[in-house]
Amino acid sequence: MTKPRRVLITAALPYANNHPHLGHVAGVYLPADTYNRYLRLKGVETVFICGSDDHGVPVTISAQNENSTPEEVVSRYRGIQEKVFGSLGISFDHYSGTSTCEGHAELSQEFFSKILERGDIEEKVTQQFFCDPCQRFLPDRYVEGTCPHCGAEGARGDQCDACGKSYEQEELKDPECAVCKGTPQIVPTRHWFFRLDRYEERLEEWLKSCEGWRDNVRNFARGIVREGLPARSITRDLEWGVPVPLEEAKDKVLYVWFDAPIGYISFTREHFVNQGNPDGWKDWWVDPDVELVHFLGKDNIIFHAVIWPAMLMGQGEYHLPTSIPANEYLNFRGEKFSKSRGVGVTAEEILERFDADRVRYYLTAVAPEGKDTSFTWEDFIQHNNDELSDVVGNFAHRMLTFTAKNFDSRVPMNAADSQLREEILSVIREAREKWDDSLGRQKFRDALDRVLTLARHGNRLFDQAEPWKSRKEDLDRCGADLAALLEVVHAIGVLLSPFLPSTSEKMLSAFSLCAPEPPEALKSLGECEVLTAGGELSPPGIVYPRLELEEDQA
């Protein structure tokens, strides 16, 4: 007997020191939520996990700048994140945080200790930047400079956002303290390194087997592995973080990118503890039949496709990621979103002006799946007006309004007698099949376009049927055509549900008395009539007025 399909979905943990901007939403959280909704619509059992990344330098710098404590920063920003995600309809099963999740620190230390026992962690003295005026070592984001690989300025102490490559701190060119802007000195300090070179062969074999992955993920990861993996420092000279479980490392913590992905497991454990099933998490992390899908941005590929799998291999009991659909960047008018430079739009700002589905629609329509894309207010307005308003909203409104006026808001009889029936079923079936194929491969833009194309077909077929004429000349034929065309409206509502949950709910509310629930209806779309002839239709309230560009958006 075939086991039911089960999928564990994670979204990259946002740092607990900022407001989610549209680049974050478009690249990570919205596609993850859409995929989760799609799978559940298909009857697949899923668990959807996320939470804040609380440790590391970004949080300590924010605490210092705000004259606060890391704990206070985490509490404030995690609350903001949860509110924003909820407002966008992004529905995690569990949202936690690495500093408050019970058992997270212990599990992270267990990961470290087991890899150490395997002999894959080595201790050595390294040269690290130290700032005399600040009297501290400068790990990661405390130091900035020029990338040693691509020459980009503003590179962090451990990784370049421009080229995505990582390096040891002493390789950074033209370093300066991110706090006081002084030039740091090189000082010896002791750290512990993960021997990634011992995992190169296994990683290469695993990556070769990962069929169907996006090229930007698989090719980048394989290229990194083929170049050779140097030992990676996994400890830091900080006070805020998970303590290194060694007596001789009392003053050090685990590198934030070592403990952060472990949060996927610890949050899952916490989720099942809260459900009263403390061992339930094992069914999702140990069972090799469970699919593990990580959604993230391209700057996190090296961690999720190379370092994290090596960490899992070092434990020996957890299964590896099944898919890592990393997106490119959504920029703002061609520039990378940047809170410090005031470039971009936060999710909170756009939700003050537009409802969540307007935002979800646009961010999916321009999703940076294969290359960087750019947000502009003009493009946001145009997509919403030309597509969501003029195509989807217009078709649903004209169909349901016409039926209400001429058939007392009931599904007319004899859809099978319509001369358009076969073409209507064909376009619905084609839309459903291509929608399913695209979503199954995490091609969200393409899947949404399939629904838009179906709505365009609906408008075309409505015009071809000319019901405004047939209602006077042949009411039976008019009714048959409308009954068949209502199948298109209903199908659009079902297929939109992973993308636009509120819009879909409104559209499907019109059919609540004459159609099965969406998961059951999905199986029959395009194969036969789904609506009950004579069934009552309810007012949908689905009207998308055209938007206007405001002066401050131009």
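Residues numbered from 1 in each chain as written. Predicted model: local features only at pLDDT ≥ 70, side-chain atom pairs only at ≥ 80, totals over all residues. Heavy atoms only, no water.

Within the protein, the regular secondary structure consists of 19 helices and 16 strands. The C-alpha atoms of the protein give 27 Å as radius of gyration, which agrees with the globular expectation for 554 residues (24 Å, within 12%). Summarising its shape, the C-alpha atoms of the protein cover approximately 90 × 60 × 40 Å along the three principal directions. Looking at the protein alone, contacts between residues at least 24 apart form 77% of all its contacts between residues at least 6 apart. Accessible area for the protein stands at about 22800 Å²; split by element, carbon and sulfur atoms hold 46% of it. Separation of charge centres in the protein, based on 62 positive and 90 negative side chains, amounts to 3 Å. (Helix = DSSP H or I, 4+ residues; strand = E, 2+ residues; numbered from the N terminus. Rg over C-alpha atoms; globule rule 2.2 N^0.38 Å. Contact = heavy atoms within 4.5 Å. Areas by Shrake-Rupley, 256 points an atom, 1.4 Å probe, with all protein chains shown as cover. Lys, Arg positive; Asp, Glu negative; His and termini not counted. Charge placed at Lys NZ, Arg CZ, Asp CG, Glu CD.)

Remark on secondary structure: sheet strands pair via backbone hydrogen bonds, oriented parallel or antiparallel. One open sheet accounts for 5 strands, arranged β3-β2-β1-β13-β14; its pairing is parallel. A strand with exactly one partner marks an edge of an open sheet, and here the two such strands are β3 (94-97) and β14 (326-327). Across 5 bridges, strand β1 (residues 6-11) lies against strand β13 (residues 291-297) in parallel orientation. Considered in β13, the bridge of Ala 11 is made with Phe 295. Lying over the sheet, helix α3 (residues 70-87) contacts β2 (45-52) and β3, oriented at roughly 165° with respect to β3. (Pairing = 2+ DSSP bridges. Axes fitted to C-alpha atoms, helices over the stretch in contact; angles between N-to-C directions.)

With that settled, the discussion passes to the nonpolar core. Counting residues in each nonpolar core, the largest one holds 168 residues, and the members touching the most others are Phe 111, Phe 258, Trp 285, Phe 375, Trp 435, Ile 492 and Phe 511. The residues touching Phe 375, leaving out its near neighbours within four places in the chain, are Leu 22, Leu 330, Asn 331, Phe 332, Arg 333, Val 345, Ile 350, Tyr 362 and Phe 380. (Core = buried A, V, L, I, M, F, W, Y, C linked by side-chain atoms within 4.5 Å. Buried < 20%, exposed > 50% of the residue type's maximum accessible area, 1.4 Å probe, protein only.)

Before going further, it helps to examine helix α18 (residues 501-509). Among all positions in α18, only Pro 501, Thr 503, Ser 504, Met 507 and Leu 508 are buried. Seen along its axis, α18 keeps its buried residues to an arc of 160°; they face one direction. Against α1 (22-41), α12 (356-365), α13 (377-407), α17 (475-496) and α19 (518-522) lie the buried residues of α18. (Arc of directions from axis to C-beta.)

Attention now moves to the side chain of Glu 291. As for its placement among the helices and strands, Glu 291 is situated in strand β13. A distance of 2.7 Å separates polar atoms of two side chains, one belonging to Glu 291 and the other to Arg 5. Beyond its immediate chain neighbours, meaning those up to four positions away, Glu 291 contacts Arg 5, Arg 6, Val 7, Leu 8 and Thr 322. (Polar contact = N/O pair within 3.5 Å; in protein donor to acceptor, adjacent residues only side chain to side chain.)

What follows covers the packing of helix α4 (residues 104-117) against helix α8 (residues 262-274). The description of two helices packed together rests on the angle between their axes and the distance between the axes. As a packed pair, α4 and α8 sit with axes 9 Å apart at the nearest point and diverge in direction by 135°. Relative to α8, the element α4 is oriented oblique. Along this stretch, α4 crosses α8, giving a crossing that reads as right-handed. For the pair α4 and α8, the contacting residues are His 104, Leu 107, Ser 108 and Phe 111 in the first and Ile 262, Gly 263, Ile 265, Ser 266 and Arg 269 in the second. The residue inventory of the contact of α4 with α8, partitioned by class, reads 4 nonpolar, 4 polar and 1 charged. (Parallel < 35°, antiparallel > 145°, perpendicular 65-115°, else oblique. Left-handed = near helix turned anticlockwise from the far one by under 90°. Nonpolar A, V, L, I, M, F, W, Y, C, P; charged D, E, K, R; others polar.)

On to the environment of Lys 252, then. Locating Lys 252 in the fold gives a position in the loop between β11 (235-236) and β12 (253-254). The exposure class assigned to Lys 252 is buried, which follows from its relative accessible area of 5%. Distance in space between the C-alpha atoms of Lys 252 and Leu 525 is 58 Å, their sequence separation being 273 residues.

For the structure on display, the rule yields 39 salt bridges. Between Lys 298 and Glu 328 there is a salt bridge, with the nearest N and O atoms lying 3.1 Å from each other. One end of the pair, Lys 298, is in the loop between β13 and α10 (301-315); the other, Glu 328, is in the loop between β14 and β15 (330-332), and 30 residues separate them in sequence. Taking the shortest distance from any N to any O, the salt bridge between Arg 421 and Glu 422 comes out at 2.6 Å. One salt-bridge network, held together by shared partners, links Lys 3, Arg 6, Asp 287 and Asp 289. (Salt bridge = Lys/Arg side-chain N within 4 Å of Asp/Glu carboxyl O.)

On to the pairing of β13, then. Most of β13 is tucked away: 7 of the 7 residues are buried. With burial as the criterion, each face of β13 is covered, one bearing Glu 291, Val 293, Phe 295 and Gly 297 and the other bearing Leu 292, His 294 and Leu 296.

This paragraph deals with the sheet that holds strand β9 (residues 185-194). With antiparallel pairing, 4 strands are arranged side by side in an open sheet as β5-β4-β9-β10. A strand with exactly one partner marks an edge of an open sheet, and here the two such strands are β5 (136-137) and β10 (232-233). In terms of strand pairing, β9 meets β10 through 2 bridges, oriented antiparallel. Paired with Phe 194 across the strands is Arg 232, a residue of β10.

Scanning the entire structure with this criterion turns up 29 aromatic pairs. Residues Tyr 264 and Trp 308 carry aromatic rings whose centres are separated by 6.4 Å and whose planes lie at 70° to one another, so their mutual orientation is edge-to-face. With a gap of 44 residues between them, Tyr 264 in helix α8 and Trp 308 in helix α10 connect regions that are remote in the sequence. On the basis of relative accessibility, which here comes to 0%, the residue Trp 308 falls in the buried class. Centre to centre, the rings of Tyr 362 and Phe 380 are 5.4 Å apart; their planes meet at 75°, and the pair counts as edge-to-face. Of this pair, Tyr 362 sits in helix α12 while Phe 380 sits in helix α13, and the two are 18 residues apart along the sequence. Just as Tyr 362 is buried, Phe 380 falls in that class too. What links up through ring pairs into an aromatic cluster is the set Phe 111, Tyr 264, Trp 281, Trp 285, Trp 308 and Tyr 318. Lying across the ring of Tyr 255, Arg 236 places its NZ or CZ 3.9 Å from the centre. (Phe/Tyr/Trp six-rings, centres within 6.5 Å; stacked < 30°, edge-to-face > 60°. Lys NZ or Arg CZ within 6 Å of the ring centre and 35° of its normal.)

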